[in-house]
Amino acid sequence: MALEFNSSQLQNLMASISGDIEMLKETVIKNLAFIGETAVKRARDVGNYKDWTGNLRSSIGYLLVYNGRTIYEGGQKAVSGTIGNGTDGVATSQSLLNRIKGELPSDRVVLVVTAGMSYAWYVENVHHRDVLASAELEADRLVKKLFELD
């Protein structure tokens, strides 16, 4: 059996496939942005530590990069602590995400969720407080659900 396409039919087929690929790409990007927003919200809401300055919660943010270009960035917002307003956390997070962006591969879609304060690891791993752990678990669950990876 042989199938033949004239050039007009082939162009129509290629345009249809190209449109489907664009739609799929947009869906993947929107789902990843949703996962980033959800992870940031979870980390900020569930974190079981006393944030004296507000900087740790304020430094939680995400970055979604496609082919080296920022598609979405967000989450960082000043959250007041007991003795501070969290503005240093926002600035630190934005600086960290800018540095990370420069190190990401330019031929992929990459979602990064981070706590920008240098002591986040210490709070989570030494004091056993939830800074990003539950957010990471939630992001993994959503990736599997939204992209049907189970």
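Given the structure is predicted, the values throughout are model-derived calculations rather than measurements.

**So, the side chain of Ser93**
And then number 1: Secondary-structure assignment places Ser93 in helix α3 (residues 87-103).
And then number 2: Its relative accessible area of 0% is what places Ser93 among the buried residues.
And then number 3: When sequence neighbours within four positions are dropped, the list of residues in contact with Ser93 reads Ser59, Gly61, Gln76 and Gly116.

**A closer look at the pattern of salt bridges**
And then number 1: Enumeration over the complete set of coordinates arrives at 4 salt bridges.
And then number 2: For Lys41, the salt bridge goes to Asp45, with nearest N and O atoms at 2.6 Å. With Lys41 and Asp45 both in helix α1 (residues 7-46) and 4 residues apart, the pair spans about one turn of that helix. Residues Lys41 and Asp45 agree in their burial class; the two are exposed.
And then number 3: Between Arg141 and Glu138 there is a salt bridge, and its shortest N-O distance comes to 2.9 Å.

**Description of the pairing of strand β2 (residues 69-74)**
And then number 1: Note that strand β1 (residues 60-66) and β2 share 5 bridges and pair antiparallel. Paired with Val65 across the bridge in β2 is Thr70.
And then number 2: Linkage of β1 to β2, two consecutive antiparallel strands, is achieved through a turn of 2 residues, within which Asn67 is found at a positive phi near 50°.

**Topic: unusual backbone geometry**
If a residue is not glycine, its phi is most likely negative; likewise, a peptide bond is most likely trans.
And then number 1: You will see that Asn67, though not glycine, has its phi angle at about 50°, which is positive.
And then number 2: Tracing the sequence through the fold places Asn67 in the loop between β1 and β2.
And then number 3: In this structure Asn67 comes out as partly exposed when scored by relative accessible area, which is 42%.
And then number 4: Backbone geometry at His128 places phi at a positive 55°, although glycine is not the residue there.
And then number 5: By secondary structure assignment, the location of His128 is in the loop between α4 (120-125) and α5 (133-146).

**A short note on the packing of aromatic side chains**
And then number 1: Scanning the entire structure with this criterion turns up 0 aromatic pairs.
And then number 2: Above the plane of the ring of Trp52 lies Lys50, whose end atom (NZ or CZ) is 5.3 Å from the centre.
And then number 3: Above the face of the Tyr49 ring, Arg57 is positioned so that its terminal group lies 4.2 Å from the ring centre.

The rules we used
Residues numbered from 1 in each chain as written. Predicted model: local features only at pLDDT ≥ 70, side-chain atom pairs only at ≥ 80, totals over all residues. Heavy atoms only, no water. Helix = DSSP H or I, 4+ residues; strand = E, 2+ residues; numbered from the N terminus. Buried < 20%, exposed > 50% of the residue type's maximum accessible area, 1.4 Å probe, protein only. Contact = heavy atoms within 4.5 Å. Salt bridge = Lys/Arg side-chain N within 4 Å of Asp/Glu carboxyl O. Pairing = 2+ DSSP bridges. Phe/Tyr/Trp six-rings, centres within 6.5 Å; stacked < 30°, edge-to-face > 60°. Lys NZ or Arg CZ within 6 Å of the ring centre and 35° of its normal.

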